[in-house]
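Analysis of the macromolecular model
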Amino acid sequence: MATPIPLTRFAPAERAPVEVLHRQAHAWASLHFVAAVIDAVPEGVLVVNQQRQIVLASRGFRRLVHEAQGRDLLGARPGEALGCAHAREQSGGCGTTEFCSQCGAAQALIEGLQGRSAVRECRLLRIARGSPAALDLRVFSTPFDYQGERYCVFAVSEISHEKRRQALERSFFHDLLNTAGGLGGLLEALASEAPEDLRPDLEIAQTGFRDMVDQIHAQRDLSRAETNELIAVPTRLSSLQVLRRIVEQYRKHPLAAEREIVLDPLTVDHEFTSDRTLLGRVLNNLLKNALEACPAGGAVRLGCEKTGETLCFWVRNPGVMPRTVQLQVFNRSFSTKGEGRGLGTYAVKLLTERYLAGSVSFTSRPEDETIFRVTLPITLASTANGSSQ
């Protein structure tokens, strides 16, 4: 009498016969180098057959399922092995419930078995030691044919810490900017009613406050840029006006004390399309770095020139970087200024090359000092990535 096939509300419920499952597991287990390779990977790695059943599991995946009470993995489906709260709701198991239709792991697995590589995120509620626990995963599926049968190599990376950090960052920036908005309004009210002799001090306070808020926005934008959450918003700009605005912004900045900021008289004034805020972030970082590198009494120069269909903004300071610094200048968290610094030039490269469709370069030689160059297209097309405020 044939065994009835369980009902499903998403993926097929059929499972491989026991003898087929053991044959597949033995075939993969005999490839000792495969087991050694996947065990060397920190993330969990599975080899899954056409029925979405595990035939080989890495040491990393076994560690991940330990909290799910160490279920027997051979023949189980990924959600069953991980202790998914929905995996036992239907007799067909993992992949057959209505919830599975929204599961990134199930979607990626099906795509892999259909011959397409896929990357998805999966939010899984698991039952670990009798209690519910949330698990955030990023899963990767890659189709693989072996001995005439289709398999899927399925990699699982635990990203719960990443998701918690992102949620905390969003909450932090939201609350901080709301508080800053209230303080800004209070400063404006004070400035309008303050006695004449206090207004210079209030002007200094407002300048410092605006600089602080700009730094908060810059850090928020950098965080979003690293996770591809920014949206570049192209607008019509004037190269000369962009540079004049930055020069005026920094003339009274504490970093500019005893230093001169010079706008090159040969700077080209050309209309172009780019994201005003992100370009401002880039040039602000370069100017601040140049001022910090410039000795008292020195001058930082900046300008713009046009070459073909590109504009090149440049910032020049009289310092010269040691070769050891030049080799690491765009690395994240590298800094010559102390612990916890080193996001300035990294942010310049990230924003310019990922969001502004441009490039960043520099030279640092005794004969022509240190010059950073940001080369941008005359027209920035709208993108799916990329602005801020």
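Note that this is a predicted model, so its numbers are computed, not measured.

**What to know about the sheet that holds strand 2 (residues 54–57)**
- Pairing within the open sheet is antiparallel, and its five strands lie in the order 2-1-5-4-3. Only two strands of the sheet have a single partner each, and these edge strands are strand 2 and strand 3 (118–128). Each neighbouring strand pair of the sheet contributes to a mean axis angle of 30 degrees, computed without reference to strand direction.
- By the bridge criterion, three bridges tie strand 1 (residues 44–48) to strand 2 in an arrangement that is antiparallel. Considered in strand 2, the bridge of Val48 is made with Ile54.
- Where helix 1 (residues 18–29) meets the sheet, it contacts strand 1, strand 2, strand 4 (131–146) and strand 5 (149–158), and its direction lies at approximately 25 degrees from that of strand 2.

**Quick look at the packing of helix 7 (residues 199–226) against helix 11 (residues 344–355)**
- Contact geometry of helix 7 with helix 11 gives a least axis separation of 11 Å together with a crossing angle of 55 degrees. The pairing of helix 7 with helix 11 is recorded here as oblique in orientation. In this structure, the crossing between helix 7 and helix 11 has a hand that is left-handed. Contacts between helix 7 and helix 11 involve Leu222, Arg224, Ala225 and Glu226 on the former and, on the latter, Tyr346, Ala347, Leu350, Leu351, Arg354 and Tyr355.

**Examining the pairing of strand 11 (residues 359–365)**
- Across seven bridges, the pairing between strand 11 and strand 12 (residues 369–377) is antiparallel. Paired with Phe362 across the bridge in strand 12 is Phe372.
- Where strand 11 folds back onto strand 12 in an antiparallel hairpin, the turn is made up of three residues.

**Things to note about the sheet that holds strand 11**
- Read across the sheet, five strands follow the order 7-9-10-12-11 without closing on themselves; strand pairing throughout is mixed. Both edges of this open sheet fall to strand 7 (260–263) and strand 11, since each of them pairs with a single strand only. Ignoring which end each strand starts from, the neighbouring axes of this sheet average 15 degrees apart.
- Strand contacts of helix 9 (residues 276–293): strand 7, strand 9 (299–307), strand 10 (310–317) and strand 12, with the helix running at about 25 degrees to strand 10, the strand carrying the most contacts.
- Those strands touched by helix 11 are strand 11 and strand 12, and its axis lies near 140 degrees from that of strand 11.

**Quick word on the nonpolar core**
- Ranked by internal contacts, the top residues of the largest apolar core, which has 46 residues, are Val242, Ile261, Phe272, Leu279 and Phe313.
- In terms of residue count, helix 9 provides more of this core than any other element does, eight residues in total.
- Aside from chain neighbours lying at most four places away, what touches Val242 is Leu237, Phe272, Leu279, Leu283 and Phe313.

**Remarks on the packing of helix 6 (residues 160–193) against helix 7**
- Here helix 6 crosses helix 7 at 165 degrees, and the two axes come no closer than 10 Å. Viewed along their axes, helix 6 and helix 7 adopt a mutual orientation that is roughly antiparallel. Between helix 6 and helix 7 the crossing geometry is left-handed. Residues Glu169, Phe173, Leu176, Leu177, Ala180, Leu183, Gly184, Leu187, Glu188, Leu190, Ala191 and Ser192 of helix 6 form the contact with helix 7, whose participating residues are Arg199, Leu202, Ala205, Gln206, Phe209, Val213, Ile216, His217, Gln219, Arg220 and Ser223.

**What to know about the pattern of salt bridges**
- Evaluation of the coordinates by the stated rule reveals 14 salt bridges.
- We note a salt bridge from Glu111 to Arg120, for which the minimum N-O separation is 2.2 Å.
- You can call Glu111 buried: its relative accessible area is 16%.
- As a salt-bridge pair, Asp145 and Arg150 come within 2.5 Å of each other at their nearest N and O atoms.
- With relative accessibility at 25%, the residue Arg150 sits in the partly exposed group.

Cut-off values and rules
- Residues numbered from 1 in each chain as written.
- Predicted model: local features only at pLDDT ≥ 70, side-chain atom pairs only at ≥ 80, totals over all residues.
- Heavy atoms only, no water.
- Pairing = 2+ DSSP bridges.
- Helix = DSSP H or I, 4+ residues; strand = E, 2+ residues; numbered from the N terminus.
- Axes fitted to C-alpha atoms, helices over the stretch in contact; angles between N-to-C directions.
- Contact = heavy atoms within 4.5 Å.
- Parallel < 35°, antiparallel > 145°, perpendicular 65-115°, else oblique.
- Left-handed = near helix turned anticlockwise from the far one by under 90°.
- Core = buried A, V, L, I, M, F, W, Y, C linked by side-chain atoms within 4.5 Å.
- Buried < 20%, exposed > 50% of the residue type's maximum accessible area, 1.4 Å probe, protein only.
- Salt bridge = Lys/Arg side-chain N within 4 Å of Asp/Glu carboxyl O.

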